[in-house]
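# Architecture at a glance
What follows is the residue order along each chain.
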Amino acid sequence: MPTAFIPFTMCATVRDDHRRSFRTDLERLTSTHRGWAPLDMVKSTNTKALLRGAIPQGVHTASDASLARYLQERLAAGTDIHLDLTVSIER
């Protein structure tokens, strides 16, 4: 049985103390090796980026807040990405 994917949009905002790494963090976010939640860049400025992606449905997709927490933890763990994320599940 195929897994259902939940589409979402995500706003990534630079943290004040990591402005110099913002572009590198965005490149890491959108790198193709991230198979668990591939992301496409929609648009970006020097401090914010809007991304679109899809993630397999699960307990972490129950709400926008739970998905934001899941992505923040997953992206920060071992990848040295320092962004604040706001997520909206497309319903």
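Throughout what follows, the structure given in this document is the object of discussion. Sequence order as written defines residue numbering, which begins from 1 separately in each chain. Where local features are concerned, this predicted model is filtered to residues with pLDDT of at least 70; where side-chain atom pairs are given and counted, the filter is 80 or more; whole-chain, interface and lining totals use all residues. Water and hydrogen atoms play no part in the side-chain values, which are based on all heavy atoms of the structure.

Glancing now at the overall build of the protein. Check the secondary structure of the protein and you find 2 helices and 4 strands. Counting from the N terminus, the helices are the DSSP runs of H or I reaching at least four residues and the strands are the DSSP runs of E reaching at least two. Listing each helix as α and each strand as β along the protein from the N terminus yields β-α-β-β-α-β. Within the protein, buried positions represent 33% of all 91 residues. By definition, residues are in contact when any of their heavy atoms lie within 4.5 Å. Long-range contacts, defined as pairs at least 24 residues apart, comprise 62% of the intrachain contacts of the protein with a sequence gap of at least 6. For every accessible area listed, the method is Shrake-Rupley and the probe measures 1.4 Å; residues are considered covered only by the protein chains on display. When the accessible surface of the protein is totalled, it reaches about 5,600 Å², and 52% of it is carbon and sulfur. Three labels apply to residues, based on accessible area from a 1.4 Å probe with only protein chains included: buried if under 20% of the type maximum, exposed if over 50%, partly exposed otherwise in between.

What we call a nonpolar core is a set of buried Ala, Val, Leu, Ile, Met, Phe, Trp, Tyr and Cys residues that are connected through their side-chain atoms within 4.5 Å. One finds F8, M10, L29, L71 and L83 to be the most contacted residues of the largest nonpolar core, which totals 21 residues. Broken down by secondary-structure element, the contributors of at least two residues to this core are strand 1 (5-14), helix 1 (22-29), strand 3 (48-56), helix 2 (64-76) and strand 4 (83-89). Here this core gets 5 residues from one element, more than from any other, and that element is strand 1.

It is worth spelling out the pairing of strand 3 at this point. Covered by surrounding structure in strand 3 are A49, L51, G53 and I55 only, the residues K48, L50, R52, A54 and P56 on the alternate face being uncovered. Two strands are counted as paired when DSSP detects at least two bridges linking them. What sits between the antiparallel neighbours strand 2 (residues 39-44) and strand 3 is a turn of 3 residues.

Turning our attention to the pattern of salt bridges. The term salt bridge refers to a side-chain nitrogen of Lys or Arg lying within 4 Å of a carboxyl oxygen of Asp or Glu. Tallied over the full model, the rule gives 4 salt bridges. A salt bridge links R15 to D84, with the shortest nitrogen-to-oxygen separation between them at 3.0 Å. A residue pair is termed long-range when its members are at least 10 positions apart, and R15 in the loop between strand 1 and helix 1 and D84 in strand 4 qualify at 69 residues. In this structure, the salt-bridge partner of R19 is D16, at a minimum N-O distance of 3.4 Å. Its relative accessible area of 48% is what places R19 among the partly exposed residues.

For the rest of this paragraph, the subject is the sheet that holds strand 3. Reading across from one edge, 2-3-1-4 is the order of the 4 strands in this open sheet, with antiparallel pairing throughout. At either margin of the open sheet sits one strand with a lone partner, and together these are strand 2 and strand 4. Looking at each pair of strands side by side, their axes are set apart by 25° on average, direction ignored. By the bridge criterion, 9 bridges tie strand 1 to strand 3 in an arrangement that is antiparallel. Every angle, taken between N-to-C directions, lies between 0 and 180 degrees, and every axis is a line fitted to C-alpha atoms, over only the stretch in contact when it is a helix.

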